[in-house]
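Topology and contacts: notes
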Amino acid sequence: MNYDDLDYYQNLGFKSGLEIHQQLNTQKKLFCHCPVGYQKVEPDARIVRHMRPTLSEMGTYDGTALMEFKTHKEVVYLLYRDYVCTYEMDDTPPFPINQQALDYAIEIALMLNCQLVDEVHITRKQYLDGSIPTGFQRTAIIGVDGWVPYKGRKIRIQQLALEEDSCREVSDIGHRIVFKTDRLSTPLIEIVTYPDMRTPRECAEVDELLGRLLRASGLVRRGIGTVRQDVNSSINGAPRIEIKGVPKTWYIPKMLDTEVKRQRKLLEIKEKLVSYGLVPNQKLDSSLREQERQVELEKIRNSNVTDVTDMLLKSSSPQVKNAISRGDKIWAVKLPQFHEVLSAELQPGWQFADEFGARVRVIACIDKMPNLTFRSGKLLYPGDWEPIAQKLNAYPTDEIVLVWGPEADLKTAVNEVILRADEAVRGIPEETRQHMQDGYRTDFERVLPGPDRMYPDTDSPPVRLTRERVDRIRADMAQRPWEREEKYAKLGLSKCVSDKLATHQRAKLFDKLVDLGILPKLAAELIVDWLTDLKRQRLIVSRLTDDTVIKVMMEAKEKGLPKEAIKNELKAFASDSNYIAKTQSMATDSVIKFIVEGVVDRSMQLKFSSKEAQTRWAKGQAMQSLYGRAHGSKVAKVIEEALS
Ligand SMILES: [Zn+2]
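Model, not experiment: these values are computed from the prediction.

A count of helical and extended segments in the protein chain gives 21 helices and 23 strands. Each principal axis of the C-alpha atoms in the protein chain carries an extent, and together these give about 100 × 55 × 45 Å. In the protein chain, once contacts between residues fewer than 6 apart in sequence are set aside, the share between residues at least 24 apart is 74%. A total accessible area of about 30200 Å² is found for the protein chain, and carbon and sulfur atoms account for 51% of it. Side-chain charges of the protein chain comprise 96 positive and 93 negative groups, with the mean position of each set lying 3 Å from the other.

Written out as structure tokens, the structure reads:
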């Protein structure tokens, strides 16, 4: 399948965009001093809560809020003494925002060519699925209107926000959902692109490009669960559909193509239903007051829904038998004129009826599947249907859906069947979907929230982004991967090495080493191969700080040591935390001069507000590289001479 067929997708009006959520590699959380990290240990405590929506000023409920309330969920939070405090559990107000996280977000916004805001305003975004105990997420826009280059054009970045992560879901069974709280409030950036991608393949490629940029920043957490992407898409005549939490970039092309086909099929079904004379029921419109909709739903239930449990006691269908033996009730719903559409295949092995089943599963919490069947399906014998059709006065052109589950949940369940049928006449419902295990089909997750409901956070003061702060970050900003690749090519590195190095966490170390006169190929080999080898030998590579590596390489250069000797020296550092002390000695004048020259050269390519600022910056950089092996006054003197 060609997921890059521009003509095909453009004829359909296909558009797609990305929302990338990436955790930042800070030590602490965003609004408290708890450390960041995932826990495998037993929780120290549990808290149980119930969610309730509140009416807006207009007397209506937010769609998502209402959906979450309809599920009547009990929310359980697992707490970890050392990783969660009273802030996360909404018992104390936030501490001032984590400045390290803010610096990281600014740097990534600059890498994305965003315009920074003058003042960071922290706002609350409503979050009602229980994954944040406060019911809202603290979030702040850092930059807007950025872009990244892609195949000779620009993919526009709508905004970059800094926000706190939510809880991790452990299980969601029946009316009980359990969350781990360790991830809660971990600093996260959210990058939103405009829907500038014109084919599913383009969407995956841009996702990969942004992922490379984030890795190149060196500021983000790596590993499973540290990055999540939401993919949105639409075609002509369809609303925007969001697929949440796509775990892998290479899932995207087939998943989007499958979604396009699902949307086209739903549009066909709508045409068919309209041709049968059906029109949307205005009294079920989602913009109405919930009370009015409930009145209409009751009217429909009174004429089109009936309990048929007793009529099916002798049914030979295993699903029906199982349901009855569990004590479930079975209700039948008549859907006028819906014959033949419920068996339509929307995705491979996924019928239109499965969309109804998913709604019943998620909203009525009837999660033993299948939770329903229909007359033109094959689950029951024709003989089972005859008395039911008679009782409901159903014509052959009407569809009958049977829903089973605990009696207390069946009213919610049949309401969802009625509402989903009405939406089919309207077209494609706006909703959020989740990917299925197979990595390309999707399933209903929740009705699309209205426009994000945002409120100012009265607990947090605004933070001015001073020019000095932004200049300091810009001066030391990581290079973008495409800029690095261009530079590496000029330095004679192979494409394979260049690809790895461009997103390597130690890419800045490569720059420093090359500035200090180390051969580019040797510096690249050290970072891409040698450090990886040490890691494979299970040595502690974090002991090899950039400064340690620089020190080793500079001494090796001075003494003319061969590669093997350098590798052994690095291995010694990674094996023994006391190795530094044993070998510590003051830097020679020539080493100081060499390091200062490199730093000064680099400072010439940056913009500073004054000569003093440039000197200060250069001194900081040089002292870092010299690792306490030279006196500050001596380094300052050499720098002043070099800059005069
Ligand atoms: Zn905390």
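Past the structure itself, the notes keep going.
Glancing now at the pairing of strand E7 (residues 136-150). Two strands pair when backbone bridges link them, and strand E4 (residues 115-116) and E7 are joined in this way by 2 bridges, in the antiparallel orientation. Directly across from Gln-115, in E7, lies its bridge partner Val-144. As paired elements, strand E6 (residues 122-126) and E7 share 5 bridges and run antiparallel to each other. Along E7, the bridge assignment pairs Lys-125 with Gln-137.

With that settled, consider the sheet that holds strand E14 (residues 305-307). Strand order across the open sheet formed by 4 strands is E14-E15-E19-E18, with antiparallel pairing between neighbours. Every interior strand has two partners, whereas the edge strands, E14 and strand E18 (372-374), have only one. Pairwise comparison of adjacent strand axes, ignoring direction, gives a mean angle of 20 degrees for this sheet. In this sheet, strand E19 (residues 399-405) lies alongside strand E15 (residues 329-335) in antiparallel orientation, the contact comprising 7 bridges. Its bridge partner being in E19, Ala-332 is matched across the sheet by Leu-402. Here helix H7 (residues 318-326) sits on the sheet and contacts E15 and E19; the angle it forms with E19, its principal contact strand, is near 40 degrees. Contacts between helix H8 (residues 352-363) and the sheet are confined to E15, E18 and E19, with E18 contributing the most and set at about 155 degrees to the helix.

The next point concerns the packing of aromatic side chains. The tally for this structure, following the rule as stated, stands at 8 aromatic pairs. Aromatic side chains Tyr-77 and Phe-179 sit 6.0 Å apart centroid to centroid with 20 degrees between the ring planes, which places their arrangement in the stacked category. Of this pair, Tyr-77 sits in strand E3 (residues 74-79) while Phe-179 is found in strand E10 (residues 176-180), placing the two residues 102 residues apart along the sequence. No difference in accessibility class separates Tyr-77 from Phe-179, as the two residues are buried. When the ring of Trp-250 is compared with that of Tyr-251, the centres are 4.9 Å apart and the planes differ by 80 degrees; the resulting orientation is edge-to-face. A relative accessible area of 64% places Trp-250 in the exposed class.

With that settled, the discussion passes to the domain arrangement of the protein chain. Segmentation of the protein chain into domains returns domain 1 (6-240), domain 2 (274-428), domain 3 (479-583) and domain 4 (589-643). One C-alpha centre belongs to domain 3, the other to domain 4, and the line joining them spans 22 Å. Of the roughly 1100 Å² buried between domain 3 and domain 4 on both sides combined, carbon and sulfur atoms contribute 59%. Contact with domain 4 buries surface across domain 3, with Asp-515, Leu-516 and Asp-547 losing the most and accounting together for 39% of the total.

Rules used in this analysis
- Residues numbered from 1 in each chain as written.
- Predicted model: local features only at pLDDT ≥ 70, side-chain atom pairs only at ≥ 80, totals over all residues.
- Heavy atoms only, no water.
- Helix = DSSP H or I, 4+ residues; strand = E, 2+ residues; numbered from the N terminus.
- Contact = heavy atoms within 4.5 Å.
- Areas by Shrake-Rupley, 256 points an atom, 1.4 Å probe, with all protein chains shown as cover.
- Lys, Arg positive; Asp, Glu negative; His and termini not counted.
- Charge placed at Lys NZ, Arg CZ, Asp CG, Glu CD.
- Pairing = 2+ DSSP bridges.
- Axes fitted to C-alpha atoms, helices over the stretch in contact; angles between N-to-C directions.
- Phe/Tyr/Trp six-rings, centres within 6.5 Å; stacked < 30°, edge-to-face > 60°.
- Buried < 20%, exposed > 50% of the residue type's maximum accessible area, 1.4 Å probe, protein only.
- Domains from an automatic or database assignment.
- Buried area = accessible area lost by both parts, 1.4 Å probe.

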